[in-house]
Amino acid sequence: MIQIDKIGRVCESDNLRIEISNLSNPSSLRKRPKDVRAPQPAPSERRNGKSKFLRPMQTAHFIGVLSLMLLVFAAVIVIEKQLPTALKTADEPNNPDRFIAERAYDILKKLTTIGPRIAGSYANEVTAVELLKTQVQEIIDAAHPNHVIELDVQRASGDFNLEFLDGMTNVYRDVQNVVVKVGSKINSPHSLLINCHFDSVVDSPGGSDDGAGCAVMLEILRVLSKSPKILRHNIIFLFNGGEENFMPASHGFITQHKWAKEVRTFINLEACGAGGREVLFQAGPNHPWILETYSEEVPYPYASSLAQEIFQSGVIPGDTDYRIFRDFGNVSGLDFAWSANGYVYHTKFDSIEHIPLGTLQRTGDNILALAKGMAQGHQLSEVDKYRAGNLVFFDFLGAFVVRWPMIVADLINLSTVIFSLFSINENINSAKKTDDLTTRQYCKKLSGCMSIIIGSWVASIITDLLIAVCLTCLGRTMSWYARPLWIFFLYVIPTLLVSMAVILLHAKYYQKDLDLSPWTVFQLYYDAYQLIWTIILLFGVMVRVRSSFIALIWVFFASLGNFLKTRLFGKWRDSKWLLLHIGMVGLPFVQCFYLIIGALYLFIPIMGRAGAGSHAEFLIAIMVSIMFTFLFSFAVPLILLVRSIERIFSLLIGLFLLSLAVLILTPLGFPYSGEPTSLAPQRFMIAHSKRTFHDVTGAITDEKTGYWIVDMDINSPHTVDKHVPEMAKAELVDQDCTDYLYCGLPYLVPVLTMLWKTHWLPGPEPELRVPVTMNVIKKEPITDGTRVTVEVDGPTHIDVMISPVLGVELTEWSLNSKKPLAGPMWNGRNTYFIYYAYGLKRVPLRFSMDFKIPATHSGSIMDFAVSSQFLFEPGKSTKQFRDFVAKFPSWTAVSYWTATYESWFI
């Protein structure tokens, strides 16, 4: 029974509660089920008719939610850095079949003691090869008689087109591979290949890239060889000597070696950092059984199809031997890399000191278990049978791998979409009962909320970009490079602030036409976020994006939360409700932050080598804003329920302004660090160069000598002017890029589109230990054109750049690749880049080019340039050059060598 007193106060029956503000206005009646009403307001509020606008959440509860987020951030970071306890040689008697990290460490120490191992140097071609042969022979001598172990040293020559960076043709001569095959008397014709490379870049001891990979492989080889257990299939260990020359050694193996045809799958070990966990960032193509084996065998998984899609999109400036085995060997496999501490990658700091024993133990345990699982499995002998399909895969906090085939992923994704729409429909029906909202009204409000949410994301990005602009104007860019915590204060806090402010303003003005309770308003925005994620998930299904699992977990748990709140826990409107909300969105929050922190660990160091034209501050601002707006999806609407929002905004704004003041006014905003425990050096690449330019007659028209400074980040090169006064005179290279092919500069690799901003500092002439020559051997007419044969001679690393004049077409050349691979356009003309390297024996590069020439053409047919690179001693540097480099401060990492550039019209 319902009773209403004469003055319109609220009376209650067992089932319904009715508020009447004016008996003369029946339309003001609102029926509300008793079991969903908000906490009772004070009598004064009830009499004033404000009860339904009372925000039920205490400010302390929301601050608790923010604090919980910080705890999650800290916990995930700690978990991400966990490494297993390393086994030492003293532990071997009790662990006879285990990987011993200390043994691998000892091998790595011997390898890095050699110093930089540039392909073509004595250190790489003789010293490192002899060390590997000695280690392998010792393992063979102590091996169990059940195994048949063979050692082979391969020298390979060839060439291939490589669509990487600006594109190039890689020509190589006499690169070396140390190859070991472990088999048995079974004499299986099927093999697993495990690959590393023992060469390094200029000035780097190559501790992590990739000495550690080779040390891990040698220890795995030792463990397998001493075990009495017979391998069902063979394992081939490839120690290749030329990956840093853009993968010629792996190409030589997979296309020419006697054991190459029996390779059925492969494991590639690489690095773009030092220490930490190895991430599985490429898998396949196809052959889902490979990932299944990984998921079942490895004790410490770390894998994601998101990482694979990011890497293969080309946004990360790197490549590995994985591409060679896949493209030229038609083999599927797995690509692993250490990605933590990318600051030392390809620098003099990539030493053994930055590789903890736990890193070697973790990788060794994983790869040993994976190799055993693959070699003992039946799939290697029937790879074509298991070829079809791809997997969606990701690990949960490194504990286990979740994976399913694409067809199953589609089914799960579409089912979740349906579940999401169902749960939103339940909320629409609930709103009819609680607030007399029709379906049309709810959907209209829902679409408006979706629009403003997207608008809040845009506003957050714009705000972070404005902050980045201010920091750039103040000369405080890249403060987060050495101290990533700055990202939280500079960009994460503003992202959260703007997202909440936009939602609050929209709720205040857009929803005032209807008399809605805070719970209904909150539910509208919650459903809007859920529907946006549902659309993202559906789009991912349509375009076959395997990283749609991110949207999947958000949609599923948000929908589940909706369902539970509607069907089972509709009475909860206090702290229990908040705990239920946190419980539902907590798991996707944790998993997504786990992915975000991995991405930041990868991308932040990359900004230090992405070039001065990379706009790193803006890229980080945009990336962080996008990632954290997604992360805060179901936390932002909670602000609609908080009573004292002023305290929340004051706290966050205060934190932001305080951090900005500290950044600007203290040395904590300096972007680089030379501290051994927290290295984040500024990178410099400097080539002591001689540049010579010829006219059409062959006469020299200009000659320049000095230091070519490649700007590796947005602060380069004048950050060191105080320490290196000469750098203040460095001039931006500009007009030369129009006048000369490849700016008239000795580019080692074709990276003009990425590293286009460089400086030139006039200086003394370099000393050239090996003469660099180019001779036109002959010109002969062919159908519709001319064939030109040239010979280039010089040091171990030479680059040839070609650009036919307008109207002339380079159709073919005598290299094995036949079809020339065009690079970026220059003055409306095609360009071609040949990267040439050889081993110890000096071998000139001779090849012919066929040009299609119009009958009316006269004069030269191409610009032809040669650059030479002296990457190791003797000939790498003069004393004067070394003295110049020695002036750079301890917080820099300088890679330096001598180079030449010479151009002709032919």
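See the structure above.
Below is a short write-up of the structure.

Thresholds, definitions, all that
- Residues numbered from 1 in each chain as written.
- Predicted model: local features only at pLDDT ≥ 70, side-chain atom pairs only at ≥ 80, totals over all residues.
- Heavy atoms only, no water.
- Helix = DSSP H or I, 4+ residues; strand = E, 2+ residues; numbered from the N terminus.
- Expected span 1.5 Å × (residues − 1).
- Bend = angle between axes of the 7 residues up to and from the residue.
- Buried < 20%, exposed > 50% of the residue type's maximum accessible area, 1.4 Å probe, protein only.
- Axes fitted to C-alpha atoms, helices over the stretch in contact; angles between N-to-C directions.
- Parallel < 35°, antiparallel > 145°, perpendicular 65-115°, else oblique.
- Left-handed = near helix turned anticlockwise from the far one by under 90°.
- Contact = heavy atoms within 4.5 Å.
- Core = buried A, V, L, I, M, F, W, Y, C linked by side-chain atoms within 4.5 Å.
- Polar contact = N/O pair within 3.5 Å; in protein donor to acceptor, adjacent residues only side chain to side chain.
- 1 Å grid on protein atoms, 1.4 Å probe; cavity = no way out; pocket = protein on both sides within 12 Å on 5 of 7 lines; lining within 4 Å.
- Points joined across faces, edges and corners; volume = space filled by probe spheres on them.
- Nonpolar A, V, L, I, M, F, W, Y, C, P; charged D, E, K, R; others polar.
- Pairing = 2+ DSSP bridges.
- Patch = residues over 30% accessible without salt bridge, like charges linked within 9 Å, V, L, I, M, F, W, Y side chains within 5 Å.
- Areas by Shrake-Rupley, 256 points an atom, 1.4 Å probe, with all protein chains shown as cover.
- Salt bridge = Lys/Arg side-chain N within 4 Å of Asp/Glu carboxyl O.
- Disulfide = S-S within 2.5 Å.
- Phe/Tyr/Trp six-rings, centres within 6.5 Å; stacked < 30°, edge-to-face > 60°.

Moving on: helix α16 (residues 575-606). With 32 residues, α16 extends 44 Å between its outermost C-alpha atoms, agreeing within 8% with the 46 Å of an ideal straight helix rising 1.5 Å per residue. The largest bend in α16 is about 40 degrees, located at Gly 586, with the proline Pro 588 one to four residues further on. Across the 32 residues of α16, 25 count as buried, placing the element largely inside the fold.

What follows deals with the packing of helix α12 (residues 439-473) against helix α17 (residues 616-631). Close contact between α12 and α17 brings their axes to 9 Å; oriented N to C, the two are set at 150 degrees. Judged on the interaxial angle alone, α17 and α12 are roughly antiparallel. In this structure, the crossing between α12 and α17 has a hand that is right-handed. Together, Trp 457, Ser 460, Ile 461, Asp 464, Leu 465, Ala 468, Val 469, Leu 471 and Thr 472 of α12 and Glu 617, Phe 618, Ala 621, Ile 622, Ser 625, Ile 626, Thr 629 and Phe 630 of α17 make up the contact between the two elements.

A few words now on the nonpolar core. Core analysis: the biggest nonpolar cluster contains 137 residues, and Trp 480, Tyr 491, Phe 628, Leu 631, Phe 632, Ile 639 and Phe 884 have the highest contact counts within it. For this core, the leading source of residues is α16, giving 17 residues. Dropping the residues within four chain positions of it, Phe 632 is found in contact with Met 69, Phe 73, Val 492, Leu 496 and Phe 589. Grouped together as the second largest cluster of nonpolar side chains are 64 residues, Leu 111, Val 136, Val 182 and Ile 367 included.

You can see Gln 682 is positioned in strand β12 (residues 682-694). Owing to a relative accessible area of 0%, Gln 682 belongs among the buried residues under this scheme. Polar contacts involving the side chain of Gln 682 include one to the side chain of Thr 719, which spans 2.5 Å. Excluding anything up to four places from it in sequence, Gln 682 contacts Tyr 672, Asp 713, Asn 715, Ser 716, Thr 719, Val 720, Trp 891, Thr 892 and Ala 893.

This next bit is on empty space enclosed by the protein. The final tally for this structure, using the stated rule, is four cavities of 30 Å³ or more. In this structure, the largest cavity is lined by Val 392, Trp 404, Met 406, Ala 409, Asp 410, Asn 413, Val 545, Arg 546, Ser 548, Phe 549 and Leu 552. If you list the elements that add at least two residues to the lining of the largest cavity, you get α11 (406-435) and α15 (549-567). Sorting elements by how many residues they give to the lining of the largest cavity places α11 first, with four residues. Among the residues forming the lining of the largest cavity, the class breakdown is seven nonpolar, two polar and two charged.

A few words now on the layout of surface pockets. There is about 1,200 Å³ of room inside the second largest pocket. Lining the second largest pocket are 46 residues, and of these Ile 77, Lys 81, Pro 484, Ile 597 and Tyr 601 sit closest to its centre. Mapped by element, the contributors of at least two residues to the lining of the second largest pocket are α2 (59-80), α13 (486-510), α16 and α18 (645-665). Taken together, the residues of the lining of the second largest pocket break down into 35 nonpolar, eight polar and three charged.

In contact at an axis separation of 10 Å, α11 and helix α14 (residues 518-543) are set at 160 degrees when each is read in the N-to-C sense. Here α14 runs roughly antiparallel to α11, going by the angle between their axes. Crossing geometry of α11 relative to α14 is assigned as left-handed. Here Asp 410, Asn 413, Leu 414, Thr 416, Val 417, Ser 420, Leu 421, Ser 423, Ile 424, Asn 427, Thr 434 and Asp 435 of α11 come into contact with α14, specifically with Thr 520, Gln 523, Asp 527, Gln 530, Leu 531, Thr 534, Leu 537, Leu 538 and Val 541. For the contact of α11 with α14, the per-class residue count stands at eight nonpolar, ten polar and three charged.

Take the sheet that holds strand β17 (residues 785-793) next. The strand order across the open sheet formed by four strands is β16-β17-β21-β19, and the pairing between neighbours is antiparallel. For this open sheet the edge positions go to β16 (773-782) and β19 (809-813), each flanked by a neighbour on one side alone. Between one strand axis and the next, the sheet turns by 30 degrees as a mean value, whatever way the strands run. With nine bridges joining them, β16 and β17 adopt antiparallel strand pairing. Looking across to β17, one finds that Lys 779 is bridged to Val 788.

Attention shifts here to a nonpolar patch on the surface. A cluster of nonpolar side chains, Leu 414, Leu 538, Phe 539, Met 542 and Val 543, forms an exposed patch at the surface whose accessible area comes to about 480 Å². Broken down by element, the residue count for the nonpolar patch peaks at four residues, all from α14. Counting through the fold element by element, Val 543 comes out in helix α14. Given a relative accessible area of 40%, Val 543 falls into the partly exposed group.

Moving on, we come to the environment of Leu 537. Examined against the element boundaries, Leu 537 turns out to sit in helix α14. Between the C-alpha atom of Leu 537 and that of Asn 413, which follows or precedes it by 124 residues, the distance is 7.0 Å. Setting aside chain neighbours within four positions, we find Leu 537 in contact with Asn 413, Thr 416, Val 417, Ser 548, Ala 551, Leu 552 and Val 555.

What follows concerns unusual backbone geometry. Note that the residue after Gly 284, namely Pro 285, is joined by a cis bond; omega there is 0 degrees. The residue Pro 285 is located in the loop between β8 (278-284) and α7 (288-297) in this model. The amide bond that connects Ser 716 to the next residue, Pro 717, takes the cis arrangement and shows omega of 5 degrees. Note that Pro 717 resides in the loop between β13 (700-711) and β14 (731-732).

A few words on the pattern of salt bridges. A side chain of one charge can pair with a side chain of the opposite charge when the charged atoms of the two come close. Taken as a whole, this structure holds 26 salt bridges when the rule is applied. One salt bridge connects Arg 842 with Asp 793, and the closest N-O pair in it is separated by 3.1 Å. Residue Arg 842 is located in the loop between β20 (832-838) and β21 (845-852), and its partner Asp 793 is located in strand β17; the two are separated by 49 residues in the primary sequence. By relative accessible area, Asp 793 is classed as buried at 16%. What you see here is one network of salt bridges that share partners, running through Glu 92, Arg 103, Glu 219 and Arg 222.

What follows concerns the state of the cysteines. Any covalent bond linking the sulfur atoms of two cysteines counts as a disulfide. According to the stated counting rule, one finds two disulfides in the structure shown. Shown here is the disulfide that connects Cys 196 with Cys 214, its sulfur atoms set 2.2 Å apart. Classification of the bridge connecting Cys 196 and Cys 214 rests on its S-S torsion, roughly 105 degrees, and on that basis the disulfide is right-handed. Of this pair, Cys 196 sits in strand β5 (residues 191-197) while Cys 214 sits in helix α5 (residues 207-226), and the two are 18 residues apart along the sequence. Neither Cys 196 nor Cys 214 differs from the other in exposure class; each is buried. When the bonded cysteines of the protein are numbered from the N-terminus onward, they pair as 1-2, 3-4. This cysteine, Cys 272, is not joined by any disulfide, and Cys 214 carries the nearest cysteine sulfur, 16 Å off.

Now for the pairing of β8. When you tally the buried positions in β8, you get seven out of seven residues, the bulk of the element. As paired strands, β8 and strand β9 (residues 332-338) are joined by six bridges and run antiparallel to one another. From the neighbouring strand, Glu 278 faces β9, where its bridge partner is Trp 338.

Burial within strand β15 (residues 758-762) is extensive, with four of its five residues counted as buried. With five bridges connecting them, β13 and β15 associate as antiparallel partners. Its bridge partner lying in β15, Ile 709 is registered against His 759.

Scanning all chains against the criterion turns up 50 aromatic pairs. Judged by centre distance (6.4 Å) and plane angle (85 degrees), the ring pair of Phe 394 and Trp 404 falls under edge-to-face. In this pair, Phe 394 sits in strand β10 (residues 391-396) while Trp 404 sits in strand β11 (residues 400-405), placing the two residues ten residues apart along the sequence. With respect to burial, Phe 394 and Trp 404 carry one shared label: buried. Summarising the aromatic geometry, the rings of Phe 693 and Tyr 740 are spaced 3.9 Å apart at their centres and angled 20 degrees between planes, so their arrangement reads as stacked. Taken together, the positions of Phe 693 in strand β12 and Tyr 740 in the loop between α19 (736-739) and β15 put the pair 47 residues apart, joining distant regions of the chain.

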